[in-house]
2 protein chains.
Amino acid sequence: MSHEIPDVPGDAEHVGCNGAESLVATLVGSGVEVCFANPGTSEMHFVRALDRIEGMRPVLCLFEGVATGAADGYARMTGNPACTLLHLGPGFTNGMANIHNARRAQSPMVNIVGDHATNHERYDAPLNADLMGYAEAISHWVRRSRSPRTVAADAARAVQAARQPPGQTATLILPADTAWLPAERPSPRLDPAPPGTVSGDAVDAAARALASGRRTAMLLRGNVLHGQGLRHAARIAAATGCALFCDTFTPRLRSGAGSPGVTPLPYRGRAILERLGAFEQLLLVGARPPVAFFAYPDQEGWLTPPGCALLTLSHPHEDGPAALAALAEAVGAPRKGLAVPFDPPSQPPQGPLTAEGVLRVVAALLPEEAIVTDEGITSTLPHVPLLARSAPHDYLPVTGGSIGNILPLGTGAAIAAPDRKVVCLEGDGSAMYTLQALWTQARERLDVVTVLYANRSYAVLNQELELVQAASGGERARSLLDLGNPDLDWVRLSEGMGVQAVRARTVREFADAFARAMNTRGPSLIEAVIV
Amino acid sequence: MSHEIPDVPGDAEHVGCNGAESLVATLVGSGVEVCFANPGTSEMHFVRALDRIEGMRPVLCLFEGVATGAADGYARMTGNPACTLLHLGPGFTNGMANIHNARRAQSPMVNIVGDHATNHERYDAPLNADLMGYAEAISHWVRRSRSPRTVAADAARAVQAARQPPGQTATLILPADTAWLPAERPSPRLDPAPPGTVSGDAVDAAARALASGRRTAMLLRGNVLHGQGLRHAARIAAATGCALFCDTFTPRLRSGAGSPGVTPLPYRGRAILERLGAFEQLLLVGARPPVAFFAYPDQEGWLTPPGCALLTLSHPHEDGPAALAALAEAVGAPRKGLAVPFDPPSQPPQGPLTAEGVLRVVAALLPEEAIVTDEGITSTLPHVPLLARSAPHDYLPVTGGSIGNILPLGTGAAIAAPDRKVVCLEGDGSAMYTLQALWTQARERLDVVTVLYANRSYAVLNQELELVQAASGGERARSLLDLGNPDLDWVRLSEGMGVQAVRARTVREFADAFARAMNTRGPSLIEAVIV
């Protein structure tokens, strides 16, 4: 077995393994094979264990938010947890924003957080913090190992918790002495409980609803948006004419030619109400009823239109693909479902570059099986439908609304799927939160192309200032929404981290640069200066 | 008064102020005059209020850790809280690492965190999170405003809590509707309780100890390391011959010519034990007994040497300067205390650049009243004593051990003290956590010079790997400690954010660049490639 533990030569206290080794061996034995790491002193035994135990790939990240975002991307593409390696309370907090996004993506992930040795806690040394409080406020599962002899068992349970459908955040706190002291043998893999089974009654109710003649929309979330579940949804749509929707920000959507063409709901609440207003019933498959992203004075937060009935086929923790398979049989669906043709948009006319122009070029030139990650917000959301008839691809947006997700997400997705091209659609404001991801892309020579929309502003906030009736902003307000003065130079920032970059100001420049990037392996960045 | 609130013209619902305006007016009236902001949708009314209420300077930060670190630097230099403006749970988490450092620095700070409207919480929209859980785990004081009518009072209490000696972290959560709905008038300033008074008995006991003939060291922390408190400590040292120490990482130390030459304790526990081994008693003034930064197998964590008596003159919440004044009188100290002469080190010989060479140049050329912030760790800690006889300056290291503190800290210090030159001593590994601070320095045209030690590694971790007996690291371990492959290009990274930069590889190049930077106003960066 690849994760057997060699004796530690020259280690006087014991001839077996230490806690860190039992941990790494257990993780590997449980199927965790990548570690996105930003280690410190308290993690040095874990670091050493990576060389003593085969099977774990360490990936250095220069900021913890890159590590947690990459673990999210890895999980979205593989369904498997990666682990992160973080350094005490402050290291964990730096990773929390992208743990938040991973939670909203239902991504399985295992955070290993080194901490002070158990006999050192009482001194309240400078790095001491309420790590347990931080971890409990955001994780589905938390444990602090109290003895090296339980580290292996704790690790097996952490992976089990992470894998619990639909996917959870597990955080294992590892005091330094539990890593360095003699430990038990690795713990065998523990399987999570299987996803809940959707009852025949629920399937029958859904089938009756679809047969009722009422105009019906299905709202899908989770693993029913790719793979077998989506195939069955496509069959049901073909048989019943129901419309297929997903949330604006959904963990992973199969899109492009061959997919059934699931429509992401728009971002604005009023637009969602308008879109769903055409339907008499909304069938939830792993999804929750739509709600507004933010509240606004005098606007509705609950977005199921009045008079539209809500019906649940499957809850997030249940087996959505099996429920859809059963429903497809119940409605007598054909073997082949809806499938969008390959019919990408034409490239835009020459001239200055616009946000729409960028996405037209991307949609036209996207290679088969690309992975598109998206956090372009104002620059991309209105134009994402352009991707619907591109070459088949997976679409991964920011899920939890915490910007700074996408450069790390693309990094993790590229490690999960090394033979696929990753295209990150990213705004300049968003990119600044976790730009350190570019360095990891350079080091690991990942096949990621970042399209950086340079609009020199928090563009969405200019819209928001009006929407919350807070317009008439003066000079101070404007200064907080404007990213100019000075302009960020993304070519230098990218090259400073070892990722080659070019600037494009016209459609031709962008199309040339994007075409070149599609035909070249390795990381690159295109700063798309849009008007 | 500058913070009176104008009526809101054209605002149908009310002619008074809204919650955001009552908040900003209360903050300004309570002496909070700078806001380090990374706002989002839920903060738009606060943003607008900045233009409607005079007296608050907004400073845009492109990552929340920059905002919180800058507030820390501002507080260390002024003793006054700044506020931060953060966006919901994930925005708060991005700022937490530097809130951790600010806590350890006993810096007063007020975090304003926008959140979902109170009637929107129940929908658990994508950005919803356990913000209260996050805030409680790290703040001294937390409140979530529940009504626009209490926002002003809540804000006054937040500032009061932040100012409570020795300085606290206060977090006020502001649901969006409490910002946009009609509110009360601003709340008047509330003063904190004064610092505790040190009893005459404690002063007498300290005086007796100093008169006992036993070899005595004073360990100082907090506001006794600059200003009047330090002056009295210098008098006591002159009268009694006691030695003056401070923690390795202390919030702010007056150093250089004219100061009494307080010695920071070394970083390593064994070195601290050795250093303090010469003393029979340790007198604590606002400090806690020294402990090891990390635990190591078979090393002591408690660093008061055996046989050394501990005595407390003042606790952190007590009035240390007054206690030292009383003690100085009790020991019959002279009016003038110890004062180090101006005697900077000679510049290093020409040749390749070393870490010591860098600090020799800095110490030789430092202008009067510079502010030196330091997170260079392996590159600076061994050489910091070189600064002891430089021109008078304030020295501000990372306090909580969470690297990524210093570029933001220098940013905030420069805003607090616009007429002083700020020199940031920063490692390349540390700089990557919050490099976005450079952009704010460029936008605000701050007089900050960053000396970036490029050693291309997490150098301290190479030491640590040996210290925890985890040596014999193989290829994977080494890959996690090495910042090369590819090298970071700090000249491009800095220029990419609008801060001019040069690279220095020799003593001559560095000395020329540093001298130029000392004679030029405005932000710049020198990448010091050290051997």
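For the structure, see preceding data.
The model shown is predicted, which means the values in this text are computed figures rather than measured ones.

**Q** In this structure, what is going on with the packing of helix α9 (residues 227-240) of chain B against helix α11 (residues 320-330) of chain B? I would like to understand it.
**A** Relative placement of two packed helices is described by the angle separating their axes and the distance separating the axes. Residues and elements named next belong to chain B. The N-to-C vectors of α9 and α11 enclose an angle of 25 degrees; their axes lie 8 Å apart at closest approach. Between α9 and α11, the angle falls in the class roughly parallel. Crossing geometry of α9 relative to α11 is assigned as left-handed. On α11, the residues that touch Gly229, His232, Ala233, Arg235 and Ile236 of α9 are Pro321, Leu324, Ala325, Leu327, Ala328 and Glu329. Residue composition of the contact of α9 with α11, grouped by class: seven nonpolar, two polar and two charged.

**Q** What's the story with the packing of aromatic side chains in this structure? I'm lost.
**A** In this description, an aromatic ring pair is defined by two values, namely the gap between the centres and the angle between the planes. Within this structure, the stated rule accounts for 19 aromatic pairs over all chains. With a centroid separation of 6.0 Å and 35 degrees between ring planes, the pair formed by A:Tyr123 and B:Trp302 is classed as tilted. Of this pair, A:Tyr123 sits in the loop between β4 (109-115) and α5 (131-138) while B:Trp302 sits in the loop between β11 (281-285) and β12 (309-314), which puts the two residues in different chains. Since its relative accessible area comes to 15%, A:Tyr123 is described here as buried. We classify B:Trp302 as partly exposed; its relative accessible area is 33%. An aromatic cluster of three or more residues is present, and its members are A:Phe63, A:Tyr433, B:Phe63 and B:Tyr433.

**Q** Sorry if this is basic, but what is going on with the relation of the copies chain B and chain A here?
**A** Relating one copy of the chain to the other requires a rotation about an axis plus a shift along that axis. For the pair chain B and chain A, the best superposition has an RMSD of 0.0 Å and corresponds to a rotation of 180 degrees with a translation of 0.0 Å parallel to the axis. Interpreted geometrically, this transformation is the action of a two-fold axis. In this assembly, 100% of the residues forming the interface of chain B have copies in chain A that are likewise at the interface, indicating an isologous arrangement.

**Q** Sorry if this is basic, but what is going on with the interface of chain B and chain A here?
**A** Tallying the contact residues gives 103 residues for chain B and 103 residues for chain A. Interface of chain B and chain A: buried area, both sides summed, is about 8,600 Å²; carbon and sulfur atoms make up 61% of it. Taken together, chain B and chain A are joined by 10 salt bridges. Between A:Glu495 and B:Arg492 there is a salt bridge, with its nearest N and O atoms 2.5 Å apart. When contributions to the side of chain B that touches chain A are tallied by element, the ones reaching two or more residues are α2 (44-52), β2 (57-60), α4 (88-104), α5 (131-138), α15 (437-443), α16 (459-467), α17 (475-479) and α18 (490-496) of chain B. If one sorts the elements of the side of chain B that touches chain A by residue count, α4(B) sits on top with eight residues. Each residue belonging to the side of chain B that touches chain A can be placed in one class, and the counts come to 54 nonpolar, 29 polar and 20 charged.

**Q** Is there a simple way to think about the sheet that holds strand β8 (residues 243-246) of chain A in this case?
**A** Sheets are built from strands paired through backbone hydrogen bonds, the pairs being either parallel or antiparallel. Residue and element names in this part refer to chain A. With respect to topology, five strands assemble into an open sheet ordered β10-β8-β7-β11-β12, the strand pairing being parallel. On the outer flanks of this sheet lie β10 (263-264) and β12 (309-314), each paired with one strand and no other. Where strand β7 (residues 216-220) lies against β8, four bridges are found, and the strand directions are parallel. Its bridge partner being in β8, Met218 is matched across the sheet by Leu244.

**Q** In this structure, what is going on with the sheet that holds strand β14 (residues 393-397) of chain A? I would like to understand it.
**A** Residues and elements named next belong to chain A. The seven strands lie next to each other as β9-β14-β13-β15-β16-β18-β17, forming an open sheet whose pairing is mixed. A strand with exactly one partner marks an edge of an open sheet, and here the two such strands are β9 (253-255) and β17 (500-504). Mean inter-strand twist for the sheet, computed between neighbouring axes without regard to direction, equals 20 degrees. Judged from the five bridges that link them, strand β13 (residues 370-375) and strand β15 (residues 422-427) form a sheet pairing that is parallel. Bridge pairing links Thr373 to Cys424 in β15. Each of β15, β16 (448-454) and β18 (524-529) touches helix α12 (residues 355-365); the most contacted strand, β16, lies at about 165 degrees to it. Together, β13, β14, β15 and β16 form the strand contacts of helix α13 (residues 406-416), whose direction differs from that of β15 by roughly 175 degrees.

The rules behind each value
- Residues numbered from 1 in each chain as written.
- Chains lettered and ligands numbered in written order.
- Predicted model: local features only at pLDDT ≥ 70, side-chain atom pairs only at ≥ 80, totals over all residues.
- Heavy atoms only, no water.
- Axes fitted to C-alpha atoms, helices over the stretch in contact; angles between N-to-C directions.
- Helix = DSSP H or I, 4+ residues; strand = E, 2+ residues; numbered from the N terminus.
- Parallel < 35°, antiparallel > 145°, perpendicular 65-115°, else oblique.
- Left-handed = near helix turned anticlockwise from the far one by under 90°.
- Contact = heavy atoms within 4.5 Å.
- Nonpolar A, V, L, I, M, F, W, Y, C, P; charged D, E, K, R; others polar.
- Phe/Tyr/Trp six-rings, centres within 6.5 Å; stacked < 30°, edge-to-face > 60°.
- Buried < 20%, exposed > 50% of the residue type's maximum accessible area, 1.4 Å probe, protein only.
- Least-squares fit on C-alpha atoms with pLDDT ≥ 70 in both.
- Buried area = accessible area lost by both parts, 1.4 Å probe.
- Salt bridge = Lys/Arg side-chain N within 4 Å of Asp/Glu carboxyl O.
- Pairing = 2+ DSSP bridges.

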